[in-house]
Amino acid sequence: MASSKAFTMTGGDVAYSYSKNSTIQRDGVDAVKEQIKEAILENFDLKRLGFDTSSTAVIKIADLGCSVGPNTFFVMENIIEAVELKFLQAKNQNLAALEFQAFFNDHYENDFNTLFKTLPPSRKYFAAGVPGSFHDRLFPKSSLHLAHISYALHFLSKVPKEVVDRNKSNVFNSSEKEVVEAYSTQLESDIECFLNARAEELVPGGLMLILAGAVPDGVPISDTVIGVCNDVMGSCLKDLVKMGVLGEEKVNSFNVPIYLVTPTELEAILRTNENFSIEKMEKHVQPMKKPLSPEGYALAVRSSLDAVTRNHFGDEFAEQIFNHFNTKVEPNFSKFQGALRNSLNLFILLKRI
């Protein structure tokens, strides 16, 4: 079974690295810049946080599931700009006395070397890396003022054990009711762990900013990005079994720990946690400033799935899998484009009670 510990984005400078193939995520981050500013201006309570009378202020911010950049740097810049504006609006505050500590978190296997080599030279923060799963505690109690996570909440801590025997030849969750329920239950458990950990780490009044990919209510899995990728990658693996390249048992045991929720599902999960109030929950269509080509889409998929594929099949077979996958993207590209039009982003603001 694949676990999220093996699920890191591709680092380095290769053609299929995440840093070169994450424009979809960048577009989503850019699209909610104003929402982030508005959320902080309206909800970052300087008095409650103890900054109304302090002569100095150190704001501690964490980006969870940061990957290798550059999107995490854009997010940090957007948050800091909004906090600075908040302090400017408080007429008794001196920006010269304001400092920022930025924590970049991802799994131990993440390419932190690439991340820190590409830190913006003119940044306004002190940077630190925090390796570990965001489903667990990462920081001391009441040590953060703001936490952020984008395009990462759908990564599960593990593939549900109920899925392994039922989800044969499917890479992601299929349309089978029992499989969908198993993935949904696992996500609910993971988000509960995530929120409970953040509740310990955020100060009272601290903010949790979430940008999450989602499936619109009522849209079948087959019409989503996950569904189309499941079909195309699944057919690719079946071909390689028929060709004698891969063993059937190895293919049947390959499941990727991802589950995209509907807005209704996610809201219900969030409302069960008594440590946070939901201040905002907005739906946004996934923006696409520049449509991807078939080659661009194949590279984007590989940037996300390369590590987990190599972990399961080995390096040599992973190359053959993605080479074969590349040949299938163009004939199915209209399906991918249609699925992208069904993509939905949720911008959520939680406040630590």
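Scoring rules and cut-offs
Residues numbered from 1 in each chain as written. Predicted model: local features only at pLDDT ≥ 70, side-chain atom pairs only at ≥ 80, totals over all residues. Heavy atoms only, no water. Buried < 20%, exposed > 50% of the residue type's maximum accessible area, 1.4 Å probe, protein only. Helix = DSSP H or I, 4+ residues; strand = E, 2+ residues; numbered from the N terminus. Contact = heavy atoms within 4.5 Å. Pairing = 2+ DSSP bridges. Axes fitted to C-alpha atoms, helices over the stretch in contact; angles between N-to-C directions. Core = buried A, V, L, I, M, F, W, Y, C linked by side-chain atoms within 4.5 Å.

An unreviewed UniProt entry annotates the protein as S-adenosylmethionine-dependent methyltransferase of Melia azedarach.

Asker: Mind showing me how you'd approach helix H1 (residues 23-31) here?
Answerer: Since the α-helix advances by 3.6 residues per turn, residues separated by three or four positions end up pointing in the same direction. Turning to H1, its buried residues are Ile24, Gln25, Asp27, Gly28 and Val29. Of the surrounding elements, those touching the buried residues of H1 are helix H2 (33-43), helix H4 (71-89), strand E4 (144-150), strand E5 (202-214), helix H13 (333-341) and strand E7 (344-352).

Asker: Looking at this structure, how should I read the sheet that holds E7?
Answerer: Sheets are built from strands that pair by backbone hydrogen bonding, the pairs being arranged parallel or antiparallel. Judged by pairing direction, the sheet is mixed, and its 7 strands sit side by side in the order E3-E2-E1-E4-E5-E7-E6 without closing on themselves. The open sheet is flanked by strand E3 (126-131) and strand E6 (276-285), the only strands paired with a single partner. Along the sheet, successive strands turn relative to each other by an average axial angle of 15°, direction set aside. Pairing geometry for strand E2 (residues 98-106) and E3, over 6 bridges, is parallel. For phenylalanine 103, the partnering residue across the bridge sits in E3 and is alanine 128. On the sheet, helix H10 (residues 263-271) packs against E5, E6 and E7 and is oriented at approximately 170° with respect to E6.

Asker: Before we go on, may I ask you to explain the nonpolar core in this structure?
Answerer: Ranked by internal contacts, the top residues of the largest apolar core, which has 76 residues, are Leu64, Met208 and Leu305. Apart from the residues within four sequence positions on either side, leucine 305 is in contact with Phe7, Phe172, Cys229, Met233, Val256 and Phe322. Counting 38 residues, the second largest nonpolar core, distinct from the first, contains Ile79, Ala102, Phe104 and Leu146.

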